Amino acid sequence: MGIVLVVNSGSSSFKYQLIDVDASRTLASGLVERIGQGEGRAVHKASPEASDRSEASDRSEASEASEWVRELPIPDHTVGFGVMLEAFREHGPSLDDLPPIAVGHRVVQGGARFFEPTVITNLVKINIDELSALAPLHNPANLEGIVAAQRAFPDVPHVAVFDTAFHQTMPPAAYTYAIDRELAAKHRVRRYGFHGTSHRFVSRATAEFLGRPVEEVRTIVLHLGNGASVCAVSGGRSVETSMGMTPLEGLVMGTRSGDIDPAVLLHLQRRAGLDADGLDDLLNKRSGVLGLGGHADMRDLEQAVDDGDPHATLAFEVYTHRIRSYIGAYAVQLGRVDAIAFTAGVGENSARVREWALAGLEGFGVVLDPERNASRSRGARRISSDASKVEVLVVPTDEELEIARQTQAVVTA
Ligand SMILES: Nc1ncnc2c1ncn2[C@@H]1O[C@H](COP(=O)(O)OP(=O)(O)O)[C@@H](O)[C@H]1O
Ligand SMILES: CC(=O)OP(=O)(O)O
Ligand SMILES: [Mg+2]
């Protein structure tokens, strides 16, 4: 059995899943959070009959499994992995019975250097550290998770799976910013794109759902989670994506602004007294639908829209307007669109976002079926009408399974 532990580390938390790759099955999952913040918390679930994705890809399935919860100080990631090992010992499944053959790590920024999953050596760690300049919020935390996980699992290979890797196929015309080229090259300023693991998984699942070879299909993937990005995928390759040098560009997100005239930053620097850190905080943490509508969580925002809050309504309109603009732009770049696939927390669950984002596109052959769109059935499904020229689908993403698959492929190659 090919069992892989998948780790997604953030600065103050990490999520993990123990996955049986051959059976596409989660054996256990958990979250260790509030690391270094006084009182930490760990939640661990063993899946009794393990969630089999072919039957139920909905994550709520996992919540039906029994939980192991601990509240205790977790000063750093190393202690966090100790708590995780304790959870496996006390609550199961036993890692002695189900030893992982490898640990797969989500790493956000791989720059132009990493375009495929990579076994983590000391040199790779130096590179990930060095790429922190291009992802200061993500890479240092990813690296901390890797170091701690290597201490907890010293005898198996650790593999980095990069968010940026799938987008390394973008042509220069798509990834180049129109600024002084020498300055840009010196500081590695270009578009890299993110959420690649999800865009790759969903674009392949879309072709599979349509029963067509991935090489033939042109898809627009809308990954709408807390972070959000669009990807134009042609023949299984990313040709354009909305996030740029960092995960701030593109769509309106929970707390991030997405696209903005760069002169706004200069203006706020000169007139509102914001320095680099202040602008970083504003654009990454206090903007998006939170900044406009007072709620970062789409469920809360939709509730406020229903309650008649005009700020929430405008936030919702701006959010969906931006998605429409990208659909138009990417349809033109692709030349032909076979499918539009919605994925991640918002994309999979919000019928209203999907409806608003696609309203009025009938003239372009995009016609939603309201009943199919409102259905909450699980798994990949069609939500366009039979008359629609473009297939519109909801395709649940599974970044952890994709990381586990890529990790297994690297270590068994
Ligand atoms: N039923 C729902 N309706 C609308 N939005 C939802 C629903 N369920 C989850 N979401 C939204 O999904 C988002 C989180 O998406 P997710 O993909 O889990 O994020 P991430 O992995 O980037 O943290 C939140 O904004 C949440 O409100
Ligand atoms: C890269 C990125 O934006 O990731 P997330 O959606 O997990 O914040
Ligand atoms: Mg996510």
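For the structure itself, consult the block above.
None of the values given here were measured: they were computed from a predicted structure.

A.B. asks: Tell me about the pairing of strand 1 (residues 3-9), residues and numbers included.
C.D. replies: Counting buried positions over the seven residues of strand 1 gives seven, a clear majority of the element. Burial along strand 1 is two-sided: Ile3, Leu5, Val7 and Ser9 and Val4, Val6 and Asn8, pointing in opposite directions, are all buried. Two strands pair when backbone bridges link them, and strand 1 and strand 2 (residues 13-20) are joined in this way by seven bridges, in the antiparallel orientation. Bridging from a neighbouring strand, Val4 pairs with Ile19 of strand 2.

A.B. asks: Account for the site of ligand 1, naming residues and giving values.
C.D. replies: The environment of ligand 1 is made up of Gly225, Asn226, Gly227, Asp297, Met298, Arg299, Ala344, Gly345, Val346, Asn349 and Ser350. Val346 places a main-chain nitrogen or oxygen 3.3 Å from an oxygen atom of ligand 1. Between a nitrogen atom of ligand 1 and a side-chain N or O atom of Asn349, the distance comes to 3.5 Å. Computed on the free molecule, ligand 1 has an accessible area of 580 Å², of which 74% lies beneath the protein chains in the complex. Looking at the shell around ligand 1, the elements that each hand over two or more residues are helix 11 (298-306) and helix 13 (344-349). Classifying every residue of the shell around ligand 1 gives three nonpolar, six polar and two charged.

A.B. asks: Break down the site of ligand 2 for me, with residues and values.
C.D. replies: Surveying the vicinity of ligand 2 reveals the residues Arg106, Asp163, Phe194, His195, Gly227, Met243, Pro247 and Arg256. Protein chains bury 82% of the 260 Å² of accessible surface belonging to ligand 2 in isolation. Grouping the constituent residues of the shell around ligand 2 by class yields three nonpolar, two polar and three charged.

A.B. asks: An account of the pattern of salt bridges is requested, with residue identities and associated values reported.
C.D. replies: Under the counting rule described, the total for this entry stands at 17 salt bridges. In this structure, Arg106 and Asp163 form a salt bridge, with 2.8 Å as the shortest nitrogen-oxygen distance. A residue pair is termed long-range when its members are at least 10 positions apart, and Arg106 in strand 6 (residues 102-107) and Asp163 in the loop between strand 8 (158-162) and helix 5 (172-175) qualify at 57 residues. Across the pair Asp338 and Arg212 runs a salt bridge whose closest N-O atoms are separated by 3.7 Å. On the criterion of sequence distance, the pair formed by Asp338 in the loop between helix 12 (310-334) and strand 12 (339-343) and Arg212 in the loop between helix 7 (196-210) and strand 9 (218-224) is long-range, its members being 126 residues apart. With relative accessibility at 11%, the residue Asp338 sits in the buried group. Linked through salt bridges whose partners overlap, the residues forming this network are Glu33, Arg41 and Glu71.

A.B. asks: Can you explain the packing of helix 2 (residues 77-91) against helix 4 (residues 139-152)? Please cite residues and give values.
C.D. replies: Where helix 2 contacts helix 4, the two axes come as close as 8 Å, and the packing angle between them is 50 degrees. Accordingly, the angle class assigned to the pair helix 2 and helix 4 is oblique. Crossing handedness for the pair helix 2 and helix 4: right-handed. From helix 2, His77, Thr78, Phe81 and Leu85 reach across to helix 4, where they touch Ala141, Glu144, Gly145, Ala148, Ala149, Arg151 and Ala152. Among the residues forming the contact of helix 2 with helix 4, the class breakdown is six nonpolar, three polar and two charged.

Reading guide: rules and limits
Residues numbered from 1 in each chain as written. Chains lettered and ligands numbered in written order. Predicted model: local features only at pLDDT ≥ 70, side-chain atom pairs only at ≥ 80, totals over all residues. Heavy atoms only, no water. Buried < 20%, exposed > 50% of the residue type's maximum accessible area, 1.4 Å probe, protein only. Helix = DSSP H or I, 4+ residues; strand = E, 2+ residues; numbered from the N terminus. Pairing = 2+ DSSP bridges. Near = heavy atom within 4 Å. Polar contact = N/O pair within 3.5 Å; in protein donor to acceptor, adjacent residues only side chain to side chain. Areas by Shrake-Rupley, 256 points an atom, 1.4 Å probe, with all protein chains shown as cover. Nonpolar A, V, L, I, M, F, W, Y, C, P; charged D, E, K, R; others polar. Salt bridge = Lys/Arg side-chain N within 4 Å of Asp/Glu carboxyl O. Axes fitted to C-alpha atoms, helices over the stretch in contact; angles between N-to-C directions. Parallel < 35°, antiparallel > 145°, perpendicular 65-115°, else oblique. Left-handed = near helix turned anticlockwise from the far one by under 90°. Contact = heavy atoms within 4.5 Å.

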